[in-house]
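Chain and residue survey
For reference, the chains in residue letters:
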Amino acid sequence: MASIEAKNKVEKLRSEIHKHNHNYYVLNQPTIDDYDFDMLLKELEKLESQYPELKDPNSPTKRVGSDLNKEFIQKSHDYPMLSLSNTYNYTELYEFDQRIKKNIPEQFSYECELKFDGSSISLQYENGKLTQALTRGNGEVGDDVTQNVRTIKSIPLELQGDNYPDRFVIRGEILLPFKTFDRLNTQRAAEGETRFANPRNAASGTLKLQNSSIVAKRSLDAYFYDLLTEAPLKDGHYETLDQAKSWGFKISKENKKCNTIEEVIEYLEKWDKKRENLEVATDGVVIKVNSKTLQNRLGFTAKSPRWAVAYKFKAEREITTLQSVSYQVGRTGAVTPVANLTPVSLAGTTVQRASLHNADIIENLDLHLQDQVYIEKGGEIIPKIVGVEYALRKEGAAPVLFPKSCPECHTPLERNEGEAAYYCPNYLGCAPQIRGKIEHFVSRNAMNIEWLGKETIQLLYNQGLLNSVADIYRLPNRRDKIEGLETIKRDDEKHPPLMVSYERIIYAFQFGIQGISLANAKKIANNISSLKELEDITVEHIDSLSLTLKKGESSNHILRQILTFFRIPIQKQIFDTLCQGDMSNGNISLSAVIKALKIPNITDQEIAEIMDHAPFAVLLPNITLDTWKSFLPEQKAVVAFNYIRNPRVDKLISRLNQLSKISLKQKSVDNLFQAIEKSKSNTFHQLLFGLGIRFIGATAAKTLAKKFHSIESLRAASYQELLDINDIGEKMANSIRRYFEKQENIDLIDSLTTLGAPVGTSIDGEQEASISELPSTLDGLIFVISGNFGTSQRRKELGEIVEDHGGKLTSSISKKTNYLIAGDNIGPSKLEKAQALEIPIINEEGFLAMLEQ
Ligand SMILES: NC(=O)c1ccc[n+]([C@@H]2O[C@H](COP(=O)([O-])OP(=O)(O)OC[C@H]3O[C@@H](n4cnc5c(N)ncnc54)[C@H](O)[C@@H]3O)[C@@H](O)[C@H]2O)c1
Ligand SMILES: [Zn+2]
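In the annotation of an unreviewed UniProt entry, the entry for the chain reads NAD-dependent DNA ligase LigA, and the organism field reads Halosquirtibacter laminarini.

Looking at the coordination of the zinc ion (ligand 2)
At this site the zinc ion (ligand 2) is bound by C406 (SG), C409 (SG), C424 (SG) and C430 (SG), with donor distances of 2.3 Å. Coordination at the zinc ion (ligand 2) is tetrahedral, judged from the four donor atoms that bind it and the angles of 100 to 115° they form at the metal. With relative accessibility at 3%, the residue C424 sits in the buried group. When its relative accessible area of 0% is taken as the criterion, C430 is described as buried.

Points about helix 12 (residues 431-442)
Helical geometry note: an α-helix holds 3.6 residues per turn, so side chains three or four residues apart project in the same direction. The end-to-end C-alpha separation of helix 12 is 17 Å, in line with the 16 Å expected for twelve residues at 1.5 Å each. In terms of burial, helix 12 is largely enclosed, as ten of its twelve residues are buried. Listing the buried residues of helix 12 in full gives A431, P432, Q433, I434, R435, G436, I438, H440, F441 and V442. Buried-residue contacts for helix 12 involve strand 12 (317-329), helix 13 (454-462), helix 14 (469-472) and helix 27 (684-690).

Observations concerning the side chain of T320
Assignment of secondary structure puts T320 in strand 12. Under the relative-accessibility criterion, T320 is labelled buried at 5%.

A closer look at the sheet that holds strand 4 (residues 119-126)
A sheet is described by the order of its strands in space; here four strands give the open sequence 5-4-7-8, paired in antiparallel fashion. Unpaired on one side and paired on the other, strand 5 (129-135) and strand 8 (221-228) mark the two borders of the sheet. With direction set aside, neighbouring strand axes in the sheet form an average angle of 30°. Note that strand 4 and strand 5 share six bridges and pair antiparallel. Its bridge partner lying in strand 5, Y125 is registered against L130. Those strands touched by helix 8 (residues 237-246) are strand 7 (167-175) and strand 8, and its axis lies near 125° from that of strand 8.

Concerning the sheet that holds strand 11 (residues 308-312)
Within the open sheet, the five strands sit side by side as 2-11-10-3-9. Their pairing is mixed. Of all strands in the sheet, those with a lone pairing partner are strand 2 (86-87) and strand 9 (256-258), marking the two edges. Helix 3 (residues 90-103) contacts strand 2, strand 3 (110-116), strand 10 (282-289) and strand 11 of the sheet and is inclined by roughly 170° relative to strand 11.

Let's talk about the packing of aromatic side chains
Scanning the model with the defined rule gives 26 aromatic pairs in all. Between the aromatic rings of Y267 and W271, the centroid separation amounts to 6.4 Å while the plane-to-plane angle is 50°, which identifies the pairing as tilted. In this pair, Y267 and W271 are both assigned in helix 9 (residues 261-274), four residues apart and thus about one turn of the helix distant. Judged by relative accessible area, which is 4%, Y267 ranks as buried.

Focus: the pattern of salt bridges
Counted by the stated rule, this structure contains 33 salt bridges. Two residues, K288 and E113, come together in a salt bridge whose shortest N-O distance is 2.9 Å. Pair noted here: K288 is in strand 10 and E113 is in strand 3, with a separation of 175 residues, a long-range link. Exposure remark for K288: the relative accessible area of 6% places this residue in the buried category. What makes E113 buried here is its relative accessible area of 3%. For K208, the salt bridge identified is with D143, shortest N-O distance 2.8 Å. Taken together, the residues span a long stretch of sequence, with K208 in the loop between helix 6 (199-207) and helix 7 (212-217) and D143 in strand 6 (residues 141-143) at a distance of 65 residues. In this pair, the class of K208 matches that of D143, namely buried. Ionic contacts of the salt-bridge type, sharing partners, join the residues D38, K115, D283 and K312 into one network.

Cut-offs applied
- Residues numbered from 1 in each chain as written.
- Chains lettered and ligands numbered in written order.
- Predicted model: local features only at pLDDT ≥ 70, side-chain atom pairs only at ≥ 80, totals over all residues.
- Heavy atoms only, no water.
- Donors = N, O, S within 2.8 Å, 3.2 Å for Na, K, Ca; no water.
- Tetrahedral: all angles 85-135°; square planar, octahedral: opposite > 155°, others 65-115°.
- Buried < 20%, exposed > 50% of the residue type's maximum accessible area, 1.4 Å probe, protein only.
- Helix = DSSP H or I, 4+ residues; strand = E, 2+ residues; numbered from the N terminus.
- Expected span 1.5 Å × (residues − 1).
- Contact = heavy atoms within 4.5 Å.
- Pairing = 2+ DSSP bridges.
- Axes fitted to C-alpha atoms, helices over the stretch in contact; angles between N-to-C directions.
- Phe/Tyr/Trp six-rings, centres within 6.5 Å; stacked < 30°, edge-to-face > 60°.
- Salt bridge = Lys/Arg side-chain N within 4 Å of Asp/Glu carboxyl O.

Following this line, the structure appears as structure tokens:
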């Protein structure tokens, strides 16, 4: 008999899992990782088998998680769409093999496929044409997303060849490639939208968009892994897929038949690593019994086939120490926490920073300084902290507290209702916000002003020459102040802060090889696996490096110099200090390097302070005397300040420099001014996007520019007028109105106008006249355009005609729709809906005839 306790536990688990399913499949925002989710599910499975009286056909162990969404029409699947049982270890895989062998005494083979991590889709083809696309839904019925799926280029709308069955179903996975995913997230962050957690969520979110034209822009991809027909075409699953390939379906070329479970394991080992190089996300391998006859014999459980199992790869995870949290202020004023970690190697790269996204995440993780934290790469380039080893927390560790005021300008932070981010409201006076706005304005999709990079903007801002985007156009009058300015260019990707490469260490400290060239230092650095090796270097080793030697030098000669160097105690001591900072990834920690500089009487604690002010060695001379005094006793500060300037140390530091300088010499100032001048003939939508109005991305800027032609008429537009534009929602309309309510924005626009920036579309008089003369025959009518009109260009043109004549376009049919303009192959769901609401359906000719009247 189940105890009350067991019963409560089962109920608690079920409701928790239901909630996670909803977050994952419907909201596309999971709050725990897959492994933890699967462990909850396994725990529930175990309890249910232990206490059969608690079994329930509606338990999440018995049903697939549902992605159904009431915005879509639902249709039944011809064949149920199931999940897969999964495992994370080889023991269970051997058990799976044993179970199969018990039921199948004869020889058989497995087929291994990559488990693509996207959104499942089931397509129906009739007479060689795509007729329907359904999501998995609850396994029995799915959402009809045919219109969206039609925009995916790798899905054939019509099949090649002629040996396909009249009617069949093919199943696969819709994916968003990593590259597109990163681009999409950057764009979303820039527009103030929440980022997708991973490519899978982004793919299923995209598939469920109401507007197919946005889906088309996201370049989704698809791989197929199952073909279902009334009578099997071939007995082998692998062979069947091979046939589907010939009809134009994308089938992974990595599918492989294996005769034994050991061969399967070989495949797993290979792909655990290799999958990092794929363009799309995979989360495991699916192992299937290849013969369909045998598959039928093995059958299904309520939730998954008995003839297949998914081996899931655990995301690569590392544990490291949380050193500190820094807070970055973006151009919108949003404050983003970033974790600084003790560098650790993860999936082939050294990681020392992880994103924390927002204050809630810090709070949920209950982060404390010096915590041992787990980091993981979830398809994104920047890894994230996924957990804390609470048992290892140091006594007295300080909790990480999100700041109450802006780390840059000290204004109290604010939080908008319903948003996770905190904002610094001081948008007129907060340095990173001002610089961020300028960076956005000059960026590629906006005004595309070259020669005005991040560092140059910072330099000009620091000089008081660049305080707003309008100031860009004032720069040409200030050449005298600009020419000759210099700054350091940071390249954190190539040369991360807080570390120095072997190459630079050897070049700077020389280790006896006086005046060594950077090229030789590089050759040595590339051929040692730790700095320590230098001490025991042999003549053969030096020979093998093929260094470029000066006249009269030989490998023997170099070896002698190195050996002599190590014989002097103080030099050996410096070398040992450096070796202690060896990070085993070809870098020495900056703290060890500073220690090796031997600034008199400096403690480790003080070195940490120094690094706060100079995260790169080259910045040491930039620390002002006042700054030294802010963390050192007066006397010590003066000594340190002068020590850094002593010629021997100064030379050493400049040889440690891995960063390049930006100098605004005459030629680069010329280039900059030319680029600024050129930007005056940009289009209005570039400028509009560049203004960085919240939620107005590049696409919305284009839409608005097309409608309003100038900033003045956009300013005059009412909330309702904005809302009436297709693709402009409440959030955007509100944001635009708020922008123009602020006096400083009006002033900015006035300045931009006076300075000659493109604040309107330059149309010559004639064109302008022809636009205003278009008859408003469609005034107030609402249209939906759907189906195929030969080319997508034509479909777009029809939309433009509707709008140019005063009509309004919407993407979905409702009671308010006046006409449905239908092309070929229009989705059955749209047709049904239009018929049900008795909305007139017209074709292209009918529509054009309407205009004549
Ligand atoms: N983190 C969360 O909150 C959360 C919540 C719910 C589910 N999940 C995750 O989702 C998984 C459960 O989802 P599921 O039921 O979709 O199972 P699944 O994703 O583990 O496996 C089934 C799916 O795999 C896909 N697939 C990819 N390649 C395939 C191939 N070659 N052959 C066959 N199928 C292939 C299909 O779309 C199929 O629907 C769990 O592993 C869990 O980790 C996570
Ligand atoms: Zn601020």
